[in-house]
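# Coordinate inspection notes
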Amino acid sequence: MPLPAPSIETEPFWAAVQERRFIMPKCDACGTVSFPPTVACGACAKTSFTWTEMSGRGTVYSFVVYHRVYHPAFKDKVPYVVAVVELEEGPRIISNIVGMPIAEVTCDMPVTVVYDHIRDGYLIPKFTRSA
Amino acid sequence: MRDKYAIAGTATSDLGRTGMDSLALLEQAMRRAIDDAGLEVGDIDGIVSRGPDDVYTHHQRMGARLGLDVRFSTSLDNGGASQILAVALACMAIDAGLATTVITGYGRNSWTRTHGSEGDRTQMELVPQDQLPKEFAPEYGYFAAPATHAFGARRHMYEFGTTREHFGGVALAFREHALRNPDAVMKKPLTMDDYLGARMIAEPYGLYDCSLVSDGAGATIVTSLERAKALKQHPVVIKGFGTFNNTRGWLVEDHMIRLAAKQSAEAAYRMAGLSPTDVSTAQIYDCFTGMVIAQLEDYGFCQKGEGGPFVASGALRLDGTLPTNTSGGQLSEAHVEGMLQIVEAVRQLRRSYPRERQVPDAEVALVSGHGGNTVCHSSLLLGRAS
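Parameters and conventions
- Residues numbered from 1 in each chain as written.
- Chains lettered and ligands numbered in written order.
- Predicted model: local features only at pLDDT ≥ 70, side-chain atom pairs only at ≥ 80, totals over all residues.
- Helix = DSSP H or I, 4+ residues; strand = E, 2+ residues; numbered from the N terminus.
- Rg over C-alpha atoms; globule rule 2.2 N^0.38 Å.
- Buried ≥ 20, exposed ≤ 12 C-beta atoms within 10 Å, placed from the backbone.
- Contact = placed C-beta atoms within 7 Å.
- Expected span 1.5 Å × (residues − 1).
- Nonpolar A, V, L, I, M, F, W, Y, C, P; charged D, E, K, R; others polar.
- Pairing = 2+ DSSP bridges.
- Core = buried A, V, L, I, M, F, W, Y, C linked by C-beta atoms within 7 Å.
- Axes fitted to C-alpha atoms, helices over the stretch in contact; angles between N-to-C directions.
- Parallel < 35°, antiparallel > 145°, perpendicular 65-115°, else oblique.
- Left-handed = near helix turned anticlockwise from the far one by under 90°.
- pLDDT = per-residue confidence, 0-100.

Regarding its fold elements, chain B presents 14 helices and 11 strands. Its C-alpha atoms give chain B a radius of gyration of 19 Å, near enough to 21 Å, the size a compact globule of 386 residues would have. Across the 386 residues that make up chain B, the buried fraction comes to 59%. Once local pairs closer than 6 in sequence are excluded, the contacts in chain B between residues at least 24 apart make up 78%.

So, in structure tokens, the structure goes:
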């Protein structure tokens, strides 16, 4: 299973995920959450951010169901769902929808973060239907 | 720039499974285009090309193959939107006095480079390995272009009620055109049952929603309309072009269902002084079926959300109201990132095809180019010179 290769800018995100925390940079001036991180805020161009705990809630903006295997690590995983998740705080991220029947996944469905071990104890954030 | 410049020559390379190098394919297309125009290689004084993304200063490599020093040359990097951009840049270079006769083109050997070995076959990415995303993708099993585009298809279905049968209508119309084109890779008829029954790739996209993995190249010769009139072929005049890039990304706002095509189209229609009702034939960047539906809407051939029913009406067929991708497109002719769509538009406007392939009385052709991480767009409006 491929592990993410964090950049200097995303390293704090992945480090927090290993502690089951979901953080993103929030602009100290206008409160906009930008992810992936940029040098200055996309909304107000100020450069002061604080890594802030997110709610872990969002909705499915869109999703696909993989049937074709592109990487040997996913040979026994198909079919699986890759989704664009819109977080409550604004950013949209790529993730998987897990823990529910694939046929019941829909656009705009509310979802909540869960943490999944992918290899050697490494955690990545995924999402499941909100209770 | 309206009506000042023309495409005086055009050609494709061999298409399909050639075993050729990508640079050789483009050289073949360029030499054929020079012949088609009735020119000599030495008449060319500009090159605008685009190569596979791992070829440094691609235009120089083409100049070396053609045996040409030139006044103006560069390579472009805008994905499938590059090929129309090359024609636009050729016009601008000539307008600036930097060149008089510019050759443009693109070629790739996607089939050959992915079928050399079993390892090549599983690795279908054409982007160089070191440029693939290293986070927020591989760990989620998010690979390759079909899924990215299928996000847009899924959202389009959700918001507008578009169906898989609508997507299938695109695939069937273009396959029917490919059967009339002896150079097309796909030779067999496609039925809706075939379409719906095919294996899924990244749902909602199945096999026939995806464009082909094929080798091919195409080239055009751009020069002044005045000069083109003195050459061998009936000139095809450049009426207008436009570009727009949703550079903030595919996942932002509604970019995946309202493409940069809209603003790009507006710029091109404005330059040309034309509107959608003036278009006799459209050659649309058909990397995936749903992208055709979204672009038909963005180009103003129908309202946003009505692209599915527009396709189902039969509009895209050769005898329809908007004959589209009349060579079979990237879905059924060969996938050369929009380059063959320019070639086909020129040929339709020359009216040199046999009756079973010719759009009757073709006056104006629209060509779209799309790519650059799915968010960059270019538009070209061509006309038959009077």
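A word on the overall build of chain A. On a plain count of helices and strands, chain A comes out with one helix and seven strands. Counting from the amino terminus, helix and strand elements in chain A follow one another as α-β-β-β-β-β-β-β. Counting only C-alpha atoms, chain A reaches 45 × 30 × 25 Å along its principal axes. Expressed as a percentage of its 131 residues, the buried residues of chain A come to 27%. Partitioning the intrachain contacts of chain A with sequence separation of at least 6 by distance along the chain shows that 49% fall at a separation of at least 24.

Attention shifts here to helix α3 (residues 82–95) of chain B. Three or four residues apart is the spacing at which side chains of an α-helix point the same way, because the helix has 3.6 residues per turn. Residue and element names in this part refer to chain B. Compared with an ideal rise of 1.5 Å per residue, which puts 14 residues at 20 Å, α3 spans 19 Å between its outermost C-alpha atoms and is within 8% of the ideal. With respect to burial, α3 is a largely interior element, 11 of its 14 residues being buried. Within α3, burial applies to Ser-82, Gln-83, Ile-84, Leu-85, Ala-86, Val-87, Ala-88, Leu-89, Ala-90, Ala-93 and Ile-94. Just past α3, the residue Gly-97 takes up positive phi, approximately 80°.

Residue and element names in this part refer to chain B. For helix α6 (residues 145–160), which comprises 16 residues, the first-to-last C-alpha distance of 23 Å matches the rise-based estimate of 22 Å (1.5 Å per residue) to within 8%. Summarising burial for α6: 14 of the 16 residues are buried, a large majority. Following α6 by one or two positions, Gly-161 adopts a phi angle in the positive range, close to 75°.

Now for the environment of Ser-332 of chain B. Residues and elements named next belong to chain B. With respect to the helices, strands and loops of the structure, Ser-332 is situated in helix α13 (residues 329–332). Judged by local crowding, Ser-332 falls into the buried class, with 29 C-beta atoms found within 10 Å. Between the C-alpha atoms of Ser-332 and Ala-29, which are 303 residues apart in sequence, the distance is 20 Å. Setting aside residues up to four positions removed in sequence, Ser-332 forms contacts with Phe-174, Arg-175, Ala-178, Ala-184 and Met-186.

Across the boundary between the two partners, chain A contributes 29 residues, which contact 24 residues of chain B. Counting residues per element, the ones that place at least two in the side of chain A that touches chain B are β3 (57–66), β4 (80–87) and β5 (92–97) of chain A. Its residues assigned to classes, the side of chain A that touches chain B comprises 20 nonpolar, six polar and three charged. Sheet analysis places β3 of chain A next to strand β5 (residues 200–203) of chain B, joined by two bridges and oriented antiparallel. The residue of β5 of chain B that forms the bridge with Val-65 of chain A is Glu-203 of chain B.

The biggest cluster of nonpolar side chains holds 145 residues, and the ones touching the most others in it are Val-87, Val-102 and Leu-382 of chain B. Once residues within four sequence positions are removed from consideration, Val-87 of chain B is found in contact with Thr-104, Thr-220, Val-222, Ile-238, Phe-241, Ile-342 and Leu-380 of chain B.

With that out of the way, let us pick up the packing of α6 of chain B against helix α11 (residues 289–298) of chain B. Residues and elements named next belong to chain B. One can describe the packing of α6 onto α11 by two numbers: an axis separation of 9 Å at closest approach and a directional angle of 55°. Relative to α11, α6 is oriented oblique. As for the relative orientation of α6 and α11, their crossing is left-handed in sense. For the pair α6 and α11, contact is made by His-149, Gly-152, Ala-153 and His-156 and by Gly-290, Met-291, Ile-293 and Ala-294, respectively. Each residue belonging to the contact of α6 with α11 can be placed in one class, and the counts come to four nonpolar, four polar and no charged.

All right, on to the sheet that holds strand β3 (residues 72–75) of chain B then. Residues and elements named next belong to chain B. Spatially, β3-β2-β4-β7-β1-β8-β11-β10-β9 is the arrangement adopted by the nine strands of the open sheet, whose pairing is mixed. This sheet does not close on itself; its edge strands, each paired only once, are β3 and β9 (281–283). Each strand of the sheet is rotated relative to its neighbour by a mean of 25°, with strand direction disregarded. Judged from the nine bridges that link them, strand β8 (residues 236–245) and strand β11 (residues 376–384) form a sheet pairing that is antiparallel. When the bridges of β11 are listed, Val-236 appears paired with Arg-384. Running at roughly 150° to β8, helix α10 (residues 261–272) makes contact with β8, β10 (364–371) and β11 of the sheet. Each of β1 (5–12), β4 (101–109), β7 (215–224), β8, β9, β10 and β11 touches helix α14 (residues 339–350); the most contacted strand, β7, lies at about 55° to it.

Quick look at unusual backbone geometry now. Across the junction of Phe-35 of chain A and Pro-36 of chain A, the peptide omega takes the value -5°, indicating a cis bond. Secondary-structure assignment places Pro-36 of chain A in the loop between β1 (23–27) and β2 (49–53). Phi at Asn-373 of chain B takes a positive value of approximately 60°, unusual for a residue other than glycine. Within the element layout of this structure, Asn-373 of chain B appears in the loop between β10 and β11.

All names here are of chain B. By the element assignment, Lys-304 lies in the loop between α11 and α12 (307–312). By the C-beta count within 10 Å, which is 16 here, Lys-304 ends up partly exposed. It is 8.9 Å that separates the C-alpha atoms of Lys-304 and Ile-257, two residues lying 47 residues apart in sequence. Not counting residues within four places of it along the chain, the set of residues in contact with Lys-304 comprises Arg-258 and Glu-297.

In this section: the confidence of the model for chain B. Residues at a pLDDT of 70 or more form 98% of chain B, whose mean pLDDT is 96. Both scores are given for the predicted complex: the pTM is 0.97, the ipTM 0.97.

This next bit is on the packing of helix α7 (residues 164–178) of chain B against α11 of chain B. Residue and element names in this part refer to chain B. Taken N-terminus to C-terminus, the directions of α7 and α11 make an angle of 95°; their axes are 8 Å apart at the nearest point. Between α7 and α11, the angle is such that the two are roughly perpendicular. Contacts from His-166, Phe-167, Val-170 and Ala-171 of α7 reach α11 at Thr-289, Gly-290, Val-292 and Ile-293. A class-by-class count of the residues in the contact of α7 with α11 yields five nonpolar, three polar and no charged.

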